[in-house]
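Descriptive structure summary
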Amino acid sequence: METHYVKSLLAVLSFIALPVMAAEPTLYGRYEYIALPEIGGEVLKAKMDTGALTASLSAKDIETFKRDGEDWVRFRLATKDASNKVYEHKVSRISKIKTRSEEDEEDTAAPSKRPVVDLELCLGNVKRTVEVNLTDRSSFNYPLLIGAKALREFGAAVNPARRFTADKPDC
């Protein structure tokens, strides 16, 4: 009787543990290569940043406009080797971003507003659609920043001691 109870208990526990084991995150380095299938298949070096909420893509000539009553944005990539191609995407929302200097309580500057688009990103062999805000990151070393929301979409954990652990994007 006791053996049957133990076997039943183990069976129940294994069913409970399965979703936990399946949700084990994939470990990536602090920097990874990410492809942008909707942006000419560009492959960019990205910084995996758990301190940022939203992903950010380096863009310039950012201009919002209306198309069929909906908000759209046109922009060019602001990266070293970018072509002069203009991209257009539907805006999913406008984000309000506080800069670090605005965290000082005496500073009353308004947060910057950035258009956010839903973009397909490819990391290793995993493709996900994530929210990406557009801003000029040309003064930064990495034109693409992957924030916590996108990391969750990829089921990712970050080891800051590692770099470029995923294979080159293949999706």
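Everything below is about the structure printed above this text.
The present account deals with the structure reproduced in this document. (Residues numbered from 1 in each chain as written. Predicted model: local features only at pLDDT ≥ 70, side-chain atom pairs only at ≥ 80, totals over all residues. Heavy atoms only, no water.)

**Thoughts on unusual backbone geometry**
We note that aspartate 61 has phi near 50°; this positive angle belongs to a residue other than glycine. Mapped onto the secondary structure, aspartate 61 falls in strand β4 (residues 55-67). The phi dihedral of phenylalanine 164 is positive, around 50°, even though this residue is not glycine. Along the chain, phenylalanine 164 falls in the segment after β10 (156-159). The class for phenylalanine 164 is partly exposed, based on a relative accessible area of 26%. (Helix = DSSP H or I, 4+ residues; strand = E, 2+ residues; numbered from the N terminus. Buried < 20%, exposed > 50% of the residue type's maximum accessible area, 1.4 Å probe, protein only.)

**Observations concerning the side chain of serine 56**
As for its placement among the helices and strands, serine 56 is situated in strand β4. Residue serine 56 is classed as buried on the basis of its relative accessible area, which comes to 5%. Polar contacts involving the side chain of serine 56 include one to the side chain of asparagine 133, which spans 2.8 Å. Residues contacting serine 56, with those up to four places away along its chain left out, are Arg114, Val132, Asn133, Thr135, Arg137, Pro143, Leu144 and Leu145. (Polar contact = N/O pair within 3.5 Å; in protein donor to acceptor, adjacent residues only side chain to side chain. Contact = heavy atoms within 4.5 Å.)

**Side note on the pairing of strand β6 (residues 87-97)**
In this structure, strand β5 (residues 70-77) lies alongside β6, joined through four bridges in antiparallel fashion. In the strand pairing of β6, valine 73 is matched with histidine 89. Pairing analysis gives six bridges linking β6 to strand β7 (residues 112-123), with the strands arranged antiparallel. Each bridged residue has a counterpart across the sheet, and for isoleucine 94 the counterpart in β7 is proline 115. (Pairing = 2+ DSSP bridges.)

**What to know about the state of the cysteines**
Tallied over the entire structure, the rule returns one disulfide. The side chain of cysteine 122 participates in a disulfide bridge whose partner is cysteine 171; the two sulfur atoms lie 1.8 Å from each other. Taking the sign of the torsion about the S-S bond as the criterion, the disulfide between cysteine 122 and cysteine 171, at about 115°, is right-handed. In this pair, cysteine 122 sits in strand β7 while cysteine 171 sits in the segment after β10, placing the two residues 49 residues apart along the sequence. The class for cysteine 122 is buried, based on a relative accessible area of 0%. (Disulfide = S-S within 2.5 Å.)

**Regarding the environment of lysine 80**
Structurally, lysine 80 is set in the loop between β5 and β6. Judged by relative accessible area, lysine 80 falls into the exposed class, the value being 85%. In the structure, lysine 80 is positioned 63 residues away from proline 143 in sequence and 9.0 Å away in space, judged by C-alpha atoms.

**Some remarks on the packing of aromatic side chains**
For the structure on display, the rule yields three aromatic pairs. The interplanar angle of 35° and the centroid separation of 6.0 Å between the aromatic rings of phenylalanine 75 and tyrosine 87 together place this pair among those described as tilted. Taken as a pair, phenylalanine 75 in strand β5 and tyrosine 87 in strand β6 lie far apart in primary sequence, 12 residues in all. You can call phenylalanine 75 buried: its relative accessible area is 0%. With a relative accessible area of 7%, tyrosine 87 lands in the buried category. Above the plane of the ring of tryptophan 72 lies arginine 67, whose end atom (NZ or CZ) is 4.3 Å from the centre. Over the ring of tyrosine 33 we find lysine 168, and its NZ or CZ is 3.9 Å from the ring centre. (Phe/Tyr/Trp six-rings, centres within 6.5 Å; stacked < 30°, edge-to-face > 60°. Lys NZ or Arg CZ within 6 Å of the ring centre and 35° of its normal.)

**Things to note about the pairing of β5**
Of the strand pairs in this sheet, β4 and β5 are connected by seven bridges, and their pairing is antiparallel. Looking across to β5, one finds that lysine 60 is bridged to arginine 76. In textbook terms, the turn of a hairpin is the stretch between consecutive antiparallel strands, and for β4 and β5 this stretch comprises two residues, one of which, aspartate 68, has a positive phi near 50°.

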